[in-house]
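Architecture at a glance
These are the residues of each chain, in order.
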There are 2 protein chains.
Amino acid sequence: MTNHFHTIVIGAGSGGMTAAIGLAGLGKQVAFIEGNHVGGDCTNVGCVPSKTLIHLAKHFKPGMNPDEALQEVTRKRDALRDKETEEVRHLKNVTFIEGWAKFSAPKEIEVTLKAGGTQKLSAENIVISTGARPRMIEISGLPKERTLTNESLFDLRDMPKHLVVAGAGVIAMEMAFAFRKLGAKVTMYALDPRPLAVYIPEVSEALQPEIEKKGIVTHYGATATGFDEAAKTLTLKQGEKEIKIQDVDKVLVAVGRVRNLESLGLDQAQIKWDARTGVQVNSFGETNVKGVYAIGDVTPTSAFTHSANAQGRRVIQRIAFPFLPLAKKEPIFPNATFSDPEVANVGLTQKQIAEKYHPQLIKRIRVDFKDHTDRGYTDGVENGFIIADVIRLTGQILHVTIVGTNASEMISFFTLAISQKISLHKIYRLVYPYPTFSSGILKVADFFMRETLPNIRKELGAFLKYRFLKGN
Amino acid sequence: MTNHFHTIVIGAGSGGMTAAIGLAGLGKQVAFIEGNHVGGDCTNVGCVPSKTLIHLAKHFKPGMNPDEALQEVTRKRDALRDKETEEVRHLKNVTFIEGWAKFSAPKEIEVTLKAGGTQKLSAENIVISTGARPRMIEISGLPKERTLTNESLFDLRDMPKHLVVAGAGVIAMEMAFAFRKLGAKVTMYALDPRPLAVYIPEVSEALQPEIEKKGIVTHYGATATGFDEAAKTLTLKQGEKEIKIQDVDKVLVAVGRVRNLESLGLDQAQIKWDARTGVQVNSFGETNVKGVYAIGDVTPTSAFTHSANAQGRRVIQRIAFPFLPLAKKEPIFPNATFSDPEVANVGLTQKQIAEKYHPQLIKRIRVDFKDHTDRGYTDGVENGFIIADVIRLTGQILHVTIVGTNASEMISFFTLAISQKISLHKIYRLVYPYPTFSSGILKVADFFMRETLPNIRKELGAFLKYRFLKGN
């Protein structure tokens, strides 16, 4: 027997939850399939436990017990997971199926049920939101019980005395800072030449002294060659140099993520995908097969809960209101890392700017909180900035990166400014509470105006000359 | 001999500094008069020392020495003061005069010099930026050496064991939280019925449990009737009740501010003012006497460094570029209090909304961080919200108040949205980094859309019916 639905949603992470709950709320019959925990990475092994841990680490004081912090993380995570699971089970119009899905045809799914057996389903629309998992690396000699990923990290009961973090990306950095504050000795190593290499190089320059100040030891351009269990020693190779890391308790592997796609049977359904970039989708999340959508980590453009949610919302609109106009482009996705200081950015990448604009058309404005804001002074900030790439003369903002205590909150101002095309000329006229880090925004506008107004003829000439010329 | 200048600026606080430095930078000859410290309240007895103290208090840990925090505040304050004083002394086109100014005629000033003697000055333009000072209250029996105001607070060398704060306004609340965190016992009393009564009542409701959680004792609707030095006991009267506060070391008086106007000789110059509302100015800061301006605390509309700066910038434009068009209205001034959690607001007051709009035209949206954002959950937030008053159907934002950890930073998003008339319909389409407090902004838009979209006919009807009707 085949059950037919309006929509099948595969994967109950942030994107899938948004899509399933939204469509069910509009009266559509939804089959919702999950083999693991409801809530996906975000609730179970991502944002929720990691931000709980980061919050507890921030308020951690000498004399407190770090094990209790770890246990509080698990408690909060489990409470939210239970609540979400209960909600999903009782959603009107949702048939929740625990198991693993595989395409048998473009609009047909076979589920290997957790309880045993299989079930066949079909639907007019299918949403793939199976997410991603940590990429594993082999370190010869490293026992399994010393190896952690973000999937096992938040089940830790005892604080490791010495945590080695493999990787220098978002998860690696967030956890390195948090565990260090909770009292662990932390050593990081990565193949990357710098921390948070996904951002512009200025971010790494600002972050590295903060990493060192907190006592996190780092080795960049390094790989692990082996672990000696008897000596609890990890050996790294950094160019010609060999580095011994001693007394290692745990190794957190955070070297990237792999999309959960290979066992979905996408080829049987003729859905185009590849392991490197994910499922090919148009700006509405639709794959090459009409009626089959993909959102979240499995797509090329989204690696965050908030972007998965946004894609989920677009897919709801597309499926439920196919005749309603929907903006051609995806909304812009801001990005935040909860290191200390935080890092956030929004807008075009450096590559996109270089492809689209002549370099002479772009001005870079940099405001350092330490030198250019009184709040930076009162708070003793040493490293932190707002960098904005804008079009000269018009002050249209293309890209902003912020390193600072509240970068993840401050960035939304620029998401609004960029998406509503509000130029620095207008931002210059706003008043910002004193003394905040946001008053650095005024400085960005102020620096732009000081460069532009006295040289208005030159700026106009350059603008007219370069505006239709491309970069590269 | 009379010295003639393009502009005389009286008072070297934030507003005066902005005006003097700005005009001098444009090549105008400026006389800059200050009898006290350069930098005004902000640098010397306001934002800079208070935010330094708040920052140190936030990072204060058991075992640290609170006296060192106080001394660090003084050190940072003095360093900035010295730097600013040196800068002012060496500014091109600025004649810095140390003394006290008094109008002898509409465009004539007599300065009683600090060094002795007097000096007469005249100018085409005069800017009054003499600021304000703490309002004092008499407490019979309280010795002078136990009495503090924000002017003497930051010269404290030793942490008081028990600090009584008189007042429940912005300065009172900020300092109560900071001194409590630094380990002092803190008791607050105020005539006000609630803390931070300048904000909407929901702010006080959210703040009071946080005040209590931190162990600050409060007595509202209370006045002091006397101090017994032998017993170190302050007696309060709260209605019929008498309250004894024992072992009092210091009393911080923070019950409001008085404008520094009465000794300026404004009447000789026919400048209209009164003690209650300050100097009467139009939206460009000009008094009834052409060429005489007032900015900052002495005006009816500004009580903040950032608004004084904004007014200073407007006066520069008005004086230096009289023929350039300048927006008729003052920009909107956001407002922030650095309590814990912080409080910030922007937009119209409740009174202005009631005067301008029919109550049926307004929708109030409230998002609680605890219930409606995952960040509120991970961070264990109990009290904190975004409240927005918006026009129904259109989603145009009139007023926003935020109580939360980063309220002072988050508010600028709404300053931008209100001043650029960006409705909740547009804000709904933005993506916010997860998990941030700013994702509460999306919830505000979400709640509005959920109330509006399914009832669009009713909303349209109500909008059309009430939009031209006034309140009250």
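Because the structure is a prediction, the values reported are computed rather than measured.

1. Some words on the packing of helix H3 (residues 47-58) of chain B against helix H4 (residues 66-89) of chain B
Residues and elements named next belong to chain B. It is at 9 Å that the axes of H3 and H4 come closest, and there the two elements cross at 145°. Note that H3 runs across H4; the crossing there is right-handed. Residues Val-48, Pro-49, Thr-52, Leu-53 and Leu-56 of H3 form the contact with H4, whose participating residues are Ala-69, Glu-72, Val-73, Lys-76, Arg-77 and Leu-80. Partitioned by chemical class, the residues of the contact of H3 with H4 number 7 nonpolar, 1 polar and 3 charged.

2. A word on the nonpolar core
Within the largest apolar cluster, 289 residues are counted, with the highest numbers of intra-cluster contacts made by Val-165 of chain A together with Val-165 of chain B. Not counting residues within four places of it along the chain, the set of residues in contact with Val-165 of chain A comprises Ala-172, Met-175, Ala-176, Val-186, Met-188, Leu-252 and Ala-254 of chain A.

3. Some words on the pairing of strand E5 (residues 118-128) of chain A
Residue and element names in this part refer to chain A. Bridge count between strand E4 (residues 108-113) and E5: 5 bridges; the pairing is antiparallel. By the bridge assignment for E5, Ile-109 is matched with Leu-121. Two elements, E5 and strand E18 (residues 292-294), share 3 bridges in a ladder whose sense is parallel. For Val-127, the partnering residue across the bridge sits in E18 and is Tyr-293.

4. Quick word on the relation of the copies chain A and chain B
For the match of chain A to chain B, the screw axis carries a shift of 0.0 Å, the RMSD comes to 0.1 Å, and the turn is 180°. One copy is carried onto the other by what is essentially a two-fold rotation axis. If distances are taken from each C-alpha of chain A to the rotation axis, the shortest is found for Phe-413 of chain A, at 2.4 Å. By residue overlap, the copies meet face to face through one surface: 100% of the interface positions of chain A are interface positions in chain B.

5. Quick look at the environment of Ala-407 of chain B
Along the chain, the position of Ala-407 of chain B falls in helix H12 (residues 407-419). Along the primary structure Ala-407 of chain B and Gln-350 of chain B are separated by 57 residues, whereas in three dimensions their C-alpha atoms are 19 Å apart.

6. A short note on the confidence of the model for chain A
Of all residues in chain A, 99% attain a pLDDT of 70 or more, and the chain-wide mean is 93. Two summary scores accompany this predicted model of the complex, namely pTM at 0.90 and ipTM at 0.88.

7. What to know about the domain arrangement of chain A
Residue and element names in this part refer to chain A. We note that the domain assignment places domain 1 (2-133 + 258-320), domain 2 (144-255) and domain 3 (341-466) within chain A. A straight line from the C-alpha centre of domain 2 to that of domain 3 covers 33 Å. With 9 residues of domain 2 in contact, the opposing surface of domain 3 contributes 11 residues. Each residue belonging to the side of domain 2 that touches domain 3 can be placed in one class, and the counts come to 7 nonpolar, no polar and 2 charged.

8. Description of unusual backbone geometry
Geometrically, the link from Asp-340 of chain A to Pro-341 of chain A is a cis peptide bond, its omega value of 5° lying close to zero. Inspection of the secondary structure assignment puts Pro-341 of chain A in the loop between strand E19 (335-337) and strand E20 (342-347). The phi dihedral of Leu-196 of chain B falls on the positive side, at around 50°, and the residue is not glycine. If you trace the backbone, Leu-196 of chain B turns up in the loop between strand E9 (185-190) and helix H7 (201-213).

9. A short note on the interface of chain A and chain B
With 52 residues of chain A in contact, the opposing surface of chain B contributes 52 residues. Of all the elements in the fold, those that place two or more residues in the side of chain A that touches chain B are helix H3 (47-58), helix H4 (66-89), helix H8 (305-320), E19, helix H11 (374-378) and helix H12 (407-419) of chain A. Considering every element that reaches the side of chain A that touches chain B, the biggest residue donor is H12 of chain A, with 10 residues. Class assignment of the residues belonging to the side of chain A that touches chain B gives a composition of 27 nonpolar, 16 polar and 9 charged.

10. Section: the sheet that holds strand E21 (residues 362-368) of chain B
Residue and element names in this part refer to chain B. Spatial strand order, E19-E20-E23-E22-E21: 5 strands in an open sheet with antiparallel pairing. Every interior strand has two partners, whereas the edge strands, strand E19 (335-337) and E21, have only one. The mean angle between the axes of side-by-side strands here comes to 10°, regardless of whether they run parallel or antiparallel. Inspection of the sheet shows strand E20 (residues 342-347) paired to strand E23 (residues 397-404) by 6 bridges, in the antiparallel sense. Within E23, the position partnered with Gly-347 by the bridge is His-399. Where helix H14 (residues 439-452) meets the sheet, it contacts E21 and strand E22 (385-391), and its direction lies at approximately 135° from that of E21.

11. Details of H4 of chain B
If you check H4 of chain B, its first and last C-alpha atoms are 35 Å apart, about what 24 residues at 1.5 Å a residue would give, namely 34 Å. Those residues of H4 of chain B that sit buried are Ala-69, Leu-70, Val-73, Lys-76, Arg-77, Leu-80 and Val-88 of chain B. Against H11 of chain A together with strand E2 (30-34), helix H2 (40-45), H3 and strand E3 (94-105) of chain B lie the buried residues of H4 of chain B.

12. As for the sheet that holds strand E12 (residues 233-238) of chain B
Residue and element names in this part refer to chain B. Taking strand neighbours across the sheet as the criterion, the 3 strands line up as E11-E12-E13 in an open arrangement whose pairing is antiparallel. The open sheet has two free edges, formed respectively by strand E11 (222-228) and strand E13 (241-245), since each of these has just one partner strand. On average, each strand axis in the sheet is tilted by 25° relative to the strand beside it, whichever way the strands run. Pairing of E11 with E12, which is carried by 6 bridges, proceeds in the antiparallel orientation.

Conventions used here
Residues numbered from 1 in each chain as written. Chains lettered and ligands numbered in written order. Predicted model: local features only at pLDDT ≥ 70, side-chain atom pairs only at ≥ 80, totals over all residues. Axes fitted to C-alpha atoms, helices over the stretch in contact; angles between N-to-C directions. Helix = DSSP H or I, 4+ residues; strand = E, 2+ residues; numbered from the N terminus. Left-handed = near helix turned anticlockwise from the far one by under 90°. Contact = placed C-beta atoms within 7 Å. Nonpolar A, V, L, I, M, F, W, Y, C, P; charged D, E, K, R; others polar. Core = buried A, V, L, I, M, F, W, Y, C linked by C-beta atoms within 7 Å. Buried ≥ 20, exposed ≤ 12 C-beta atoms within 10 Å, placed from the backbone. Pairing = 2+ DSSP bridges. Least-squares fit on C-alpha atoms with pLDDT ≥ 70 in both. pLDDT = per-residue confidence, 0-100. Domains from an automatic or database assignment. Expected span 1.5 Å × (residues − 1).

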